[in-house]
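# Breakdown of the fold
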Amino acid sequence: MILPTIHSFLRLTGLLLAVLFPSSPGLANDPEFFDVPFANNQWNIGRRVDESKLRYCIDRRNPDWELAAEIVEAVAGALLLEPQRYEVESDFIVEDITRIYAIMLEHCDIHMGFKLTPGGYDNWITLTRSYYHAEYVFITADPDLLALGNLAPTRAIGPTMGTSAHIRLISYIKALSAEDRWPIYPMGTSELVLKSLLNGTIDVGLLWGPAFWAKQVQDPVYAELHVIDPSPLPPTILGVGALLLADKIFLRTAFDEAITALIEDGTIAGILEKFNFPATARP
Amino acid sequence: MSNKLNINKILLLAAMVFGVSGGFAAADAIDDITPVTDEMLLNPSDGDWLMWRRTYDGWGYSPLDQINKGNVSELKLAWAWGMSPGGRTQETPVVHDGIMFVQNSSHLIQALDASNGDLIWEYDYDLPDDARTQGVRSKAIYGDNLIIATRDARLLSINAKTGQLNWNKQVANYKKGYSFSSGPIVANGVIVQGATGCSKAQPGGCFITGHDPATGAEIWRVHTIARGDTPEGNSWNGVPLASRHGGSAWISGSYDPDTNLILIGVGQPYPWNMEMAGLKPKISDLRVSNDALYTNATLAIDANTGELKWYHQYLPTDGLDLDYVYERVLIDLPFNGKMRKQVVTTGKIGIIESVDRTTGEWLWAKETVRQNVVLSWDKKTGKKTINPDTFPVAGETTVNCPADPGAHAWQPAGYSPLTKAMYVPTVEFCSNTTVKTLDPGEIYTGGGMQTYSRVEHPDGDSNIGQIFAINMTDQSELWQYRQRAPLTSSTLPTGGGVVFVGSMDRYFLAFDDTTGEKLWSSGKLSNALESFPITYTAGGKQYVAIMANHKSGLGRLSSITPEIQLPPDNPATLYVFALPN
């Protein structure tokens, strides 16, 4: 339960939302090519009129989609808004983030499931505060390997390409002499990291912890894989929040306030625990 | 609805400003269209434009001379045609026997009377909702049929007379990122098509395929990323095939009928940052290089068998998205006193380079714009010394000139046999480059992993756009034109001694091919001119056509030319000019 004072504040916020919700997709600046979102027939997408709803998007391709839905529904409850869910249906493996513009323009005000990285997003996007923190994990099928520091330099590491954890790994191995460096085989997706571990292409994988968690839940073939201690590297931990179009400042503020309250009253920790999800709710 | 009205207003205004002069071709002209033979492709009628660069040699030159230096100033708008708005398109119309064929970004294929723009037929390809609604740069015509490439990685054969679909061939799975952004050429009876979009979702890189025009069946496939235990296959710093990405063949190639070779470019490795791609730091195994073949190379491929005859790589280990994928111009001229069959290309760095197209031997290079990426090159091999300060490194911001759109972008250079000059459109600018992580979401992690903040060149004169006219007999500069607005179309030299080019600030321009004097400028058109102008005849009259559209590569320069305002809904309009009757 939310504390009464917070509840009152959020009730007021919810009322204000109903009045002030901006819904046009106007952009503050003129973004550059590839950063320019475009939706087919975007000029035919009208203004939303039902302002009593919190329209949110989840994507089943995200490992946390079920618990993300529970979190945003809790937020909607706190804001006295009726949650309206839209499930993104797509079987694309990788997509450019500009694609999300069309989805949000048409279907939702909040899209759950984005890692918070400084400078990681274009200026047509804004992000909420984090509702949980999770980490990238080193995993292996070798039962005797318990820490990265014990991995022989001849054995290969396969990181998910371009992540913060991958960059941290690159920085570390560049500080080593050539003969002490592990071969690094960057992989395009978490799925490829896992497959490459099973087929022996790599000895250690480095991927987003929730992605590994979801695969282990879904498929017993991954049960033999285990997380190892990242030392000598520190863990790479990122917050996860929701994405909004940049003009939704008022909603973002309200969402942030609600998340803070839901973390403080233990609601989000309870959801994470319910799913046995590898993340923490931080104030 | 309001946008359509706006476009109509723009077109009406344009017609009032320029004065419309109409043609009078018969509406049933399509009935007389003739099949396109191999001989026609080898020696096209002066009035036809049958493929991307008009001829197999990639010159982008037309011998037509009704419009010439003496009268080009009288050009008027003849007709215009509104096309699907919003989607990025870089259309090159095909014209045969007075009929023009265009492909809208929505993948609506249309046949128009090329004398007056009247619609004859249209075929609406059902592009999947989740495929990118964007145009494809070019198309082919062969026999009775148009050969169309689609954004969802299919090839279509459409009857040119009726607009009826003959066959529809899926070449690759677009949901794994594969796509076609440029169309095919037909060489010696084989459809040749390059693929793009081979990024994180699909390791192993891109490919070029050969197809049977009768059925679309794939005859051969050449992978653009080298494989196997060969020097080329071992050029990826020891990473397995599962970790090799990129090598898009996103620009159509040229064809040398004497050797039956397709000469086609391959783009950069992916991701751009070499450390993220696993290409740096270089491993110590001396049998292994990190050149990343066949990225940034010319491939010479037998048109009928798909056999790779030779390759030449211009820029190994490219960490800046500086493709050498663009036009391949085939020119036979002496070099060092000996006649050479050359294939000439200009990479994004703006360095023109020539290779002997029979052997792959590197011949010469010519620098155009100010750049800081290449410090020098070996005068015998072309091997470059790269400025280490331009290598993007995590945690630092580096400066590179040019930035990723390229000093020379996808807008190809035209070559005129009259002047023996190549007219290279260039832009001059730099980038503050920062490595960017791709954490965002489990799915939304596409992109280049570097942020390019584009800025003017510190030693520049604020003229972003240029044309370099280079004498190809001795690589000397014939003339140079500079202006503030980026020049955003290919150059079109003609038998009339005129070179046409379009600009981002919505002007279509004509220059004297020997002096560089500006001879004509259109009024302001509806949008930036980011496409490939063509010229043709219909009913015996010469026309010049260009597509207006924005957000196509050099649109990225809008951040350093904020004074150039373009319509937000990105209208796409085909403009056709002619002399008054």
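Note that this is a predicted model, so its numbers are computed, not measured.

## Digging into the overall build of chain A
- Along its length, chain A carries eight helices and nine strands.
- Out of the 283 residues belonging to chain A, those deemed buried represent 44%.
- Within chain A, residue pairs in contact and separated by at least 24 positions form 83% of the contacts whose partners lie at least 6 positions apart.

## Brief notes about the domain arrangement of chain A
All names here are of chain A.
- Taken domain by domain, chain A consists of domain 1 (4–133 + 239–274) and domain 2 (135–237).
- With six residues of domain 1 at the contact, the number on the domain 2 side is eight residues.
- Considering only residue class, the side of domain 1 that touches domain 2 consists of three nonpolar, two polar and one charged.

## Brief notes about the sheet that holds strand β9 (residues 165–170) of chain B
All names here are of chain B.
- Spatially, β6-β7-β8-β9 is the arrangement adopted by the four strands of the open sheet, whose pairing is antiparallel. Taken across any chain shown, the strands that pair with only one partner, and hence form the sheet edges, are β6 (140–142) and β9. If you compare each strand with its neighbour and ignore which way they point, the axes differ by 20 degrees on average.
- As judged from the five bridges shared by strand β7 (residues 145–149) and strand β8 (residues 154–159), these two strands associate in the antiparallel manner. Pairing of N145 across the sheet is with N159, part of β8.

## Some thoughts on the sheet that holds strand β17 (residues 308–313) of chain B
Residue and element names in this part refer to chain B.
- A sheet is described by the order of its strands in space; here four strands give the open sequence β14-β15-β16-β17, paired in antiparallel fashion. The sheet is open, and its two edges are formed by β14 (254–256) and β17, each paired on a single side. With direction set aside, neighbouring strand axes in the sheet form an average angle of 20 degrees.
- When β14 meets strand β15 (residues 261–265), the two strands line up antiparallel, connected through three bridges. Each bridged residue has a counterpart across the sheet, and for D256 the counterpart in β15 is L261.

## Re the interface of chain A and chain B
- Listed per partner, the contact involves 51 residues of chain A and 46 residues of chain B.
- Taken together, the elements giving at least two residues each to the side of chain A that touches chain B come down to β3 (110–115), α4 (164–174) and α5 (190–198) of chain A.
- Sort the elements by how many residues they give to the side of chain A that touches chain B and α4(A) lands first, with six residues.
- Grouping the amino acids of the side of chain A that touches chain B by side-chain chemistry returns 24 nonpolar, 17 polar and 10 charged.

## Focus: the confidence of the model for chain B
Residues and elements named next belong to chain B.
- Averaged over every residue, the pLDDT of chain B is 91; residues scoring 70 or more account for 94%.
- Low pLDDT (under 50) marks residues 1–27, which in the prediction has 52 contacts with non-local residues, meaning those over four places away or in another chain.
- Interface predicted TM-score (ipTM) for the complex: 0.88; the corresponding pTM is 0.90.

## Focus: the packing of helix α2 (residues 65–78) of chain A against helix α7 (residues 249–264) of chain A
Residue and element names in this part refer to chain A.
- Interhelical geometry of α2 versus α7 gives an angle of 105 degrees and a closest axis separation of 9 Å. Judged on the interaxial angle alone, α7 and α2 are roughly perpendicular. Of the residues in α7, those in contact with A74, V75 and A78 of α2 are F255, A258, I259, A261 and L262.
- A class-by-class count of the residues in the contact of α2 with α7 yields eight nonpolar, no polar and no charged.

## Focus: α4(A)
- Turning to α4(A), its buried residues are A165(A), H166(A), I167(A), L169(A) and I170(A).
- Where α4(A) is buried, its residues touch β5 (132–140), β6 (157–159) and β7 (204–208) of chain A.

## Focus on the environment of I251(B)
Residues and elements named next belong to chain B.
- Note on placement: I251 falls in the loop between β13 (218–223) and β14.
- On a C-alpha basis, the gap between I251 and G265 in space is 7.1 Å, while along the polypeptide they are 14 residues apart.
- Those residues in contact with I251 that sit more than four places away from it in its chain are S182, G265, V325, Y326, E327 and W410.

## Things to note about helix α6 (residues 209–218) of chain A
- All buried positions along α6(A) are accounted for by G209(A), P210(A), A211(A), F212(A), W213(A) and A214(A).
- Buried-residue contacts for α6(A) involve β5, α5 and β7 of chain A.

## Points about the nonpolar core
- Core analysis: the biggest nonpolar cluster contains 245 residues, and V75(A), M422(B), Y543(B), Y575(B) and V576(B) have the highest contact counts within it.
- Sort the elements by how many residues they give to this core and α2(A) lands first, with eight residues.
- Leave out the neighbours within four places in its chain, and M422(B) touches V329(B), V344(B), A413(B), Y415(B), I470(B) and M472(B).

## Describing the domain arrangement of chain B
All names here are of chain B.
- What the domain assignment reports for chain B is domain 1 (1–170 + 495–500 + 519–551 + 565–581) and domain 2 (175–391).
- Computed over C-alpha atoms, the centres of domain 1 and domain 2 are 29 Å apart.
- Secondary structure elements with two or more residues in the side of domain 1 that touches domain 2: α2 (38–42), β6, β7, β8 and β9.
- Residue classes in the side of domain 1 that touches domain 2 are distributed as 15 nonpolar, five polar and eight charged.

Criteria and thresholds
Residues numbered from 1 in each chain as written. Chains lettered and ligands numbered in written order. Predicted model: local features only at pLDDT ≥ 70, side-chain atom pairs only at ≥ 80, totals over all residues. Helix = DSSP H or I, 4+ residues; strand = E, 2+ residues; numbered from the N terminus. Buried ≥ 20, exposed ≤ 12 C-beta atoms within 10 Å, placed from the backbone. Contact = placed C-beta atoms within 7 Å. Domains from an automatic or database assignment. Nonpolar A, V, L, I, M, F, W, Y, C, P; charged D, E, K, R; others polar. Pairing = 2+ DSSP bridges. Axes fitted to C-alpha atoms, helices over the stretch in contact; angles between N-to-C directions. pLDDT = per-residue confidence, 0-100. Parallel < 35°, antiparallel > 145°, perpendicular 65-115°, else oblique. Core = buried A, V, L, I, M, F, W, Y, C linked by C-beta atoms within 7 Å.

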